[in-house]
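The primary structure of each chain is shown beneath.
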Amino acid sequence: MISDVPGIARVAAYYAEVWQTSTDVLSSETLHCIRHAGGATIGAFDGDELAGATTGLFCPDGSVYSMIAAARAGVGHPLKLAQRDWAAGLGAKSMRWTYDPLVSRNARFNLVKLGAVVTEYTVDFYGPMNDGVNEGDQSDRLTVQWDLTGSRESHESVPAGEVTSTAPDGEPLARTDGERIWCRVPRDIVQVRKESRDLARQWREAVRGVFVDAFERGYVATSMSRDGWYELERK
């Protein structure tokens, strides 16, 4: 855990660098307040270089809310396990956080690698964002729930059944076999944003429509395939 003044300042600068912004994502002062209130910032290092960090705090129900996480390739999993061990060691039984539903690599990490489940879709969660990664896009977010008391195996299945909607690229966006729903997202939404803000907006609205409707009907997202298909099942 990182709790000293220089270390906290280093993490605040790291978050700003990852999100490509000259302003604080979480300021040093905020990170110190989180630590003082019983939360924690955990860092991963490659020698003296900061290779990843995550910050979490406790909720009134005894769970942990992971506010932010960033890491270079190969570091995210051990970093998240370290955060799990910290939380479980203090009695937490679950952890939750949010992420952009269009970022397929994060979806696969959360649902397949960790075995978490997506339980909620929130439209424009933060309102307008001005960082270099999200600027110009709406901040829709999925809420992930991670059970810290056991493990869940996430299986991958081939999308099947009727095509119910078409994606902005003209290919199927959603399928259903009557029980499960599959929804496709771009392989790299960050690149799509760079090439066409309008196309990124179309993807946002299309995926939003599938998820909002599915969650209203009692579905949760449980898996993500390597080629970008979410799988949703009834609770």
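Preceding block: the structure.
Per-chain numbering applies: the sequence of each chain, read as written, is numbered from 1 onward. Local features are withheld for residues below a pLDDT of 70 in this predicted model, meaning they are given only at 70 or higher, and side-chain atom pairs are given and counted only at 80 or more; totals for whole chains, interfaces and linings count all residues. For the side-chain quantities, the full set of heavy atoms in the structure was used; hydrogens and water were omitted.

Draft legend 1. Spotlight on the overall build of the chain. Under the scheme used here, helices are H or I runs from DSSP no shorter than 4 residues and strands are E runs no shorter than 2 residues, and both carry numbers assigned from the N terminus. Along the chain, the regular secondary structure elements total six helices and eleven strands. At 18 Å, the chain has a C-alpha radius of gyration in line with the 18 Å of a compact globule built from 235 residues. Taking the principal axes of its C-alpha atoms as reference, the chain extends roughly 55 × 40 × 30 Å. Only protein chains enter the accessibility calculation, which uses a 1.4 Å probe. A residue is then buried if its area is under 20% of the maximum for its type, exposed if over 50%, and partly exposed in between. By the burial criterion, 47% of the 235 residues in the chain qualify as buried. Residue contacts are defined here by distance: any two heavy atoms, one from each residue, within 4.5 Å place the two residues in contact. Once local pairs closer than 6 in sequence are excluded, the contacts in the chain between residues at least 24 apart make up 60%. The centroid of the 26 positive side-chain charges in the chain is displaced by 3 Å from the centroid of its 33 negative side-chain charges. Our radius of gyration looks at C-alpha atoms and nothing else; its globule reference is 2.2 Å times the residue count to the power 0.38. The charge count treats Lys and Arg as positive and Asp and Glu as negative. His and the chain ends do not count. By convention, charge coordinates are those of NZ in Lys, CZ in Arg, CG in Asp, or CD in Glu.

Draft legend 2. Representation of the packing of aromatic side chains within the structure. A pair of Phe, Tyr and Trp rings is counted when the ring centres sit within 6.5 Å of each other, with Trp represented by its six-membered ring. The angle between the planes then sorts it: under 30 degrees is stacked, over 60 is edge-to-face, the rest tilted. For the structure shown, the criterion picks out eight aromatic pairs. Between Y15 and W19 the ring centres are 6.4 Å apart and the planes differ by 75°, which places this aromatic pair in the edge-to-face class. For the residue pair Y15 and W19, the accessibility class agrees, reading buried in each case. Joined through ring pairs, the aromatic side chains of Y121, F211, F215 and Y230 make up one cluster. Of note, K80 hangs over the ring of W97, and the distance from its end group to the ring centre comes to 4.0 Å. Remark: a charge is flagged as sitting over a ring if the NZ atom of Lys or the CZ atom of Arg is within 6 Å of the ring centre and within 35 degrees of the ring normal.

Draft legend 3. Highlighting helix α6 (residues 197-216). Compared with an ideal rise of 1.5 Å per residue, which puts 20 residues at 28 Å, α6 spans 28 Å between its outermost C-alpha atoms and is within 8% of the ideal. Listing the buried residues of α6 in full gives A200, W203, R204, A206, V207, R208, V210, F211, A214 and F215. Where α6 ends, the next residue or the one after it, G218, has phi of about 90°, a positive value. Helix span is expected to be 1.5 Å times the residue number reduced by one.

Draft legend 4. Looking closely at the nonpolar core. Ranked by size, the top nonpolar core spans 46 residues in total, and within it F211, Y230 and L232 carry the most contacts. Per element, the largest residue contribution to this core is eight residues, and it comes from α6. Apart from residues lying up to four places away in sequence, L232 is in contact with R180, I181, C183, F211, A214, F215, Y219, V220 and A221. With 13 residues, the next largest nonpolar core counts I8, A12, Y14 and A53 among its residues. Residues enter a nonpolar core if they are buried and are Ala, Val, Leu, Ile, Met, Phe, Trp, Tyr or Cys, with the set joined through side-chain atoms within 4.5 Å.

Draft legend 5. Region of the structure containing the environment of R10. Relative to the elements of secondary structure, R10 occurs in helix α1 (residues 5-18). On the accessibility criterion, R10 (39% relative accessible area) is partly exposed. Spatially, the C-alpha atoms of R10 and L50 are 8.2 Å apart, while their sequence positions differ by 40 residues. For R10, the residues in contact, after removing those within four places along its chain, are F45, D48, E49 and L50.

Draft legend 6. Up close: the pattern of salt bridges. Here, a salt bridge means any Lys or Arg side-chain nitrogen found within 4 Å of an Asp or Glu carboxyl oxygen. Taken as a whole and judged by the stated rule, the model has 14 salt bridges. A salt bridge links E49 to R72; its shortest N-O distance comes to 2.7 Å. Of the two residues, E49 is situated in strand β2 (residues 49-58) and R72 in the loop between β3 (64-71) and α3 (76-89); the sequence distance between them amounts to 23 residues. It is possible to trace a salt-bridge network through shared partners that takes in D100, R141, R193 and R204.

Such coordinate-based values are descriptive only and should not be taken to indicate function.
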